[in-house]
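In case you want the letters, here they are:
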Amino acid sequence: MFTIHYTLNRIIELVNPSKIQGKLDVDVFTGIAGLNKAKTGDISFLGNQKYKAEVFGSKASLILVPESYIGSPHPGQALLMVENPSKALDAICRDIELQCKKPLPTGIHATAIIDPSARISPKAYVGPLCVVGPNTIIEEEVCLQAHVVVGEEVLIRRGTFVRPHCSILDSTEIGCNCFIDAGVVLGSEGYGYETENGCHKRSPQLGRVVLEDAVDVGANTTIDRARFHETRIGEGTKIDNLVQIGHNVVIGKHCFIIAFVGISGSTTIGDYAVIGGQAGLTGHLCVGNHVMIGAQSGVNHDLEDNSFVRGTPTLPYMLAHRIDALKRRLPELFRRVDNLEKTFAYLTTDTTKACFLSKDERKN
Amino acid sequence: MFTIHYTLNRIIELVNPSKIQGKLDVDVFTGIAGLNKAKTGDISFLGNQKYKAEVFGSKASLILVPESYIGSPHPGQALLMVENPSKALDAICRDIELQCKKPLPTGIHATAIIDPSARISPKAYVGPLCVVGPNTIIEEEVCLQAHVVVGEEVLIRRGTFVRPHCSILDSTEIGCNCFIDAGVVLGSEGYGYETENGCHKRSPQLGRVVLEDAVDVGANTTIDRARFHETRIGEGTKIDNLVQIGHNVVIGKHCFIIAFVGISGSTTIGDYAVIGGQAGLTGHLCVGNHVMIGAQSGVNHDLEDNSFVRGTPTLPYMLAHRIDALKRRLPELFRRVDNLEKTFAYLTTDTTKACFLSKDERKN
Amino acid sequence: MFTIHYTLNRIIELVNPSKIQGKLDVDVFTGIAGLNKAKTGDISFLGNQKYKAEVFGSKASLILVPESYIGSPHPGQALLMVENPSKALDAICRDIELQCKKPLPTGIHATAIIDPSARISPKAYVGPLCVVGPNTIIEEEVCLQAHVVVGEEVLIRRGTFVRPHCSILDSTEIGCNCFIDAGVVLGSEGYGYETENGCHKRSPQLGRVVLEDAVDVGANTTIDRARFHETRIGEGTKIDNLVQIGHNVVIGKHCFIIAFVGISGSTTIGDYAVIGGQAGLTGHLCVGNHVMIGAQSGVNHDLEDNSFVRGTPTLPYMLAHRIDALKRRLPELFRRVDNLEKTFAYLTTDTTKACFLSKDERKN
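All values derive from a computational prediction rather than experimental measurement. (Residues numbered from 1 in each chain as written. Chains lettered and ligands numbered in written order. Predicted model: local features only at pLDDT ≥ 70, side-chain atom pairs only at ≥ 80, totals over all residues. Heavy atoms only, no water.)

Residues and elements named next belong to chain C. Read across the sheet, nine strands follow the order β10-β13-β16-β19-β24-β27-β30-β33-β36 without closing on themselves; strand pairing throughout is parallel. One side of each edge strand has no neighbouring strand; the edge strands of this open sheet are β10 (119-120) and β36 (286-287). Sheet topology note: the strand β30 (residues 250-251)/strand β33 (residues 268-269) ladder contains two bridges and is parallel. Directly across from Val 250, in β33, lies its bridge partner Thr 268. (Pairing = 2+ DSSP bridges. Helix = DSSP H or I, 4+ residues; strand = E, 2+ residues; numbered from the N terminus.)

What follows is about the domain arrangement of chain A. Under the domain assignment used here, chain A contains domain 1 (6-100) and domain 2 (166-193 + 201-319). Inter-centroid distance (C-alpha atoms) of domain 1 of chain A to domain 2 of chain A is 37 Å. (Domains from an automatic or database assignment.)

In this assembly, 71 residues from chain A lie in contact with 83 residues from chain C. Between chain A and chain C lies a buried interface of about 6,200 Å² when both sides are counted; carbon and sulfur atoms form 63% of it. On inspection of chain A and its partner chain C, the count reaches seven salt bridges. The partner of Asp216(A) in a salt bridge is Arg202(C), and the shortest N-O contact between them spans 3.2 Å. Along the contact surface separating chain A from chain C lie 35 residue pairs in polar contact (both at pLDDT 80 or more). Elements with a minimum of two residues in the side of chain A that touches chain C: α3 (85-100), β28 (238-239), β31 (256-257), α4 (317-328), α5 (330-349) and α6 (351-363) of chain A. Among the elements that make up the side of chain A that touches chain C, the one with the highest residue count is α5(A) (11 residues). (Contact = heavy atoms within 4.5 Å. Buried area = accessible area lost by both parts, 1.4 Å probe. Salt bridge = Lys/Arg side-chain N within 4 Å of Asp/Glu carboxyl O. Polar contact = N/O pair within 3.5 Å; in protein donor to acceptor, adjacent residues only side chain to side chain.)

Here the focus is the interface of chain B and chain A. On the side of chain A, 83 residues touch chain B, which itself brings 71 residues to the contact. Of the roughly 6,200 Å² buried between chain B and chain A on both sides combined, carbon and sulfur atoms contribute 63%. Our count for the contact surface shared by chain B and chain A stands at seven salt bridges. Applying the counting rule to chain B against chain A returns 36 residue pairs in polar contact (both at pLDDT 80 or more). Looking at the side of chain B that touches chain A, the elements that each hand over two or more residues are α3 (85-100), β28 (238-239), β31 (256-257), α4 (317-328), α5 (330-349) and α6 (351-363) of chain B. Per-element accounting of the side of chain B that touches chain A gives the leading share, 11 residues, to α5(B). Residue composition of the side of chain B that touches chain A, grouped by class: 34 nonpolar, 17 polar and 20 charged. (Nonpolar A, V, L, I, M, F, W, Y, C, P; charged D, E, K, R; others polar.)

So, in structure tokens, the structure goes:
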């Protein structure tokens, strides 16, 4: 883990607060902790309004709070008002990271197995027991941790970091400054078959996977190579753990794709999409820019720019929300219809009969 | 990737079209691309009716279209009418694959660690840093890529291909011509516990995993060993990435199991099932032949042959579809019942009262 | 696999039956099989009432049945009445396991790569091609199978077993007697970003993962390191394959977390929870003790102790069940409201009109 030793002045430099409340009784901060776990000397933060009530009882010596926060520090405690407490904490944590981080190693570990035709920058690092195939290019400041397998004709561009046990299969191209977590498979076989006499024959998958710059891929996620051409993940898109992306999918820039999302073959997603956990998209869809898809949704039709949908099959978010509320009232609705029918039956046998009778009687 | 160089005559040989329209202005085809991305020299295809409108605007020099397609090629472009354009494209891609593919290597890489009691065919290939346990048999034309771990008493039969980082654990048996993608775990521990005084005690898992011939297993999928006896995947069944198959599950022949499907322990599935992505099946179920289960379904009861179901809990497909449509109309239904009640209240206070009154009056 | 050779006396010792019915015509039992697959010489068991009808037709020589079972053995067959047949079978299987199991090896495989500063008990085993980082401590009776990568400052306590291809990343702490199945990632990067000018900037993740004693983690599951402090899994909790646990999640003791469950960041779960397969929990939730969450549920609010919920969004289990039943009756409900409206329209145009008319007439 890490130990820290920050003065208030240094914290102020890092987070640039708009206001400081309270007077500290510690000289240095020595830890970071959640509001309810913090003790004297710790830095904490109010990153989610849900925890607002915990600020008051927190034993943290310093708490980063939003500018809208109303409340006073305890004796000996300081509150720092900042625009975004979570971002402010990140600034501190990034500073800690910088201090802890050893410089990235360079060179090729003696146990790595490198094809003679591979070109590896002398400023890259290839860890223990990595395997790098023919005609692969690994640029400077790339770090492959232990046990990474890189296939043939792969290109990994500058500054990309790859955790253990990844399989970066043939022809994959990874942009600059990507982060590939442990166990990721890039270039797995696309799932495509043609059935003949009851047998499924694999459709050849000749394409590849392309990650543009600054893409993150979470642990044990799999991205299939294209049938031909490419499966492409746009710049700055962040993919969580255990996601599955089918062949020929194209995802735009700066999207969030949360854990267990499955995107079927040939679906195209625009920029700035947010796809909630466990959502599934069928194949050959066209999803626009700035689309938000709720967790566990099942998407089976195209979505226009700025769509905000949820459910299986998906509905506009507010409608889905309303229908969920009404669904909960189904027992009531059934009772109400029962009552209407009963009263009705009563009426049609009594009142309305009476009405008819009065008519008949009038005819008499 | 790949480069291609096909004449029209060679394509005709490969796809056997029933009709050719148009006159080419290129001599050779040099690429394959989707309809809207293709450029002069490219082969494209209409594999999904959704893209029909794109044929007309496509710059591909040659387009494979279904026999039912109505439309004319552009000047310089050819349309080839074929029974199944996707299958026809596969024929071309398979030819490309054959040309690109180096002959499978044979032999054991110097860095592989093989137990002396393992028997490995001299016509098999065991890649860098593989580990093969005692009493394991690897038949001819098997290819283990780098970093495959094979346990004890495993049998891998002829022609099976295993991608990097797979764990083929003790006693697993894999048939001929299977394809095991990267990161697959065969023989993970079954999830079975008995609880005693609040503690969960693992039930010993003594069985194994058996894959019959021509089974494909997608990247990072896990298949648990049986509690005793076996977990079995039938011949020709194709499993996608990130699927979980519980202990003692038996899956029939020629099924499709899509990504994120979870099948709980001891469930049995017949032949030719298609299980959509993110569907879940509880344990101890009996699912018949030719069953289709929609994506994201939750199956908690047995299914007869030819069932076609969807939803959680599952309903017959058409009923599920109808109920989804009605669910969307719940706001309307609530309004209609509100109206009925209001008019009713009005009637029972005015009209029917009036009726009664008229009766009373008549009595006067 | 395994071969067995048990006399009736030995079985009686192992399972301690309350009653024995029937007279055997075999001297030893030589296998274990399900009721409908068993043959003469096999032991079988009735572990699930669903299979009750199969006891009568089973060819097993010995069947473990619950004390409530009513029925007679076939000639030559014995029924052993026990409190819990599944537990009784476990007792037999545990005995088989003991007989089959070689003593755990000790020592460090010649091909493992160990940082000089790591401290590995001479009674631990580090398998082929493992990599162990600086300042890591591995206690006695730990077994790392082949291809395990262990990062820096990791602690793996006594008796823990780790299958191939696991990534136990920096600062992780694993308690005693844990079982980590193949392909698991402990300490993957937490999924946290702050967005600035449309770009997502990773929040530093400085924390770690802690597994308490006797935790099981299924194959290819991923557990993210905390943003700061720790992601913690309580003692005796059993996690299935392909689960995703986000950063700063805290799970209590003796829980069951089934395959494909996703738990988002900072959610806290009490002791003895059971979370069904493919369920998802959003972040920052507080879930109590003894909570049961049905498969495929989507939880987006806190849950009190002893909650039993299901659905997306979740409802109390019985209500969810009732609403599912009513949902299925929506076509009927729409018809009933249609009918009410029609009759009503008829009434308001005829009868009630008549009523009004009679009123009007009376005015004439």
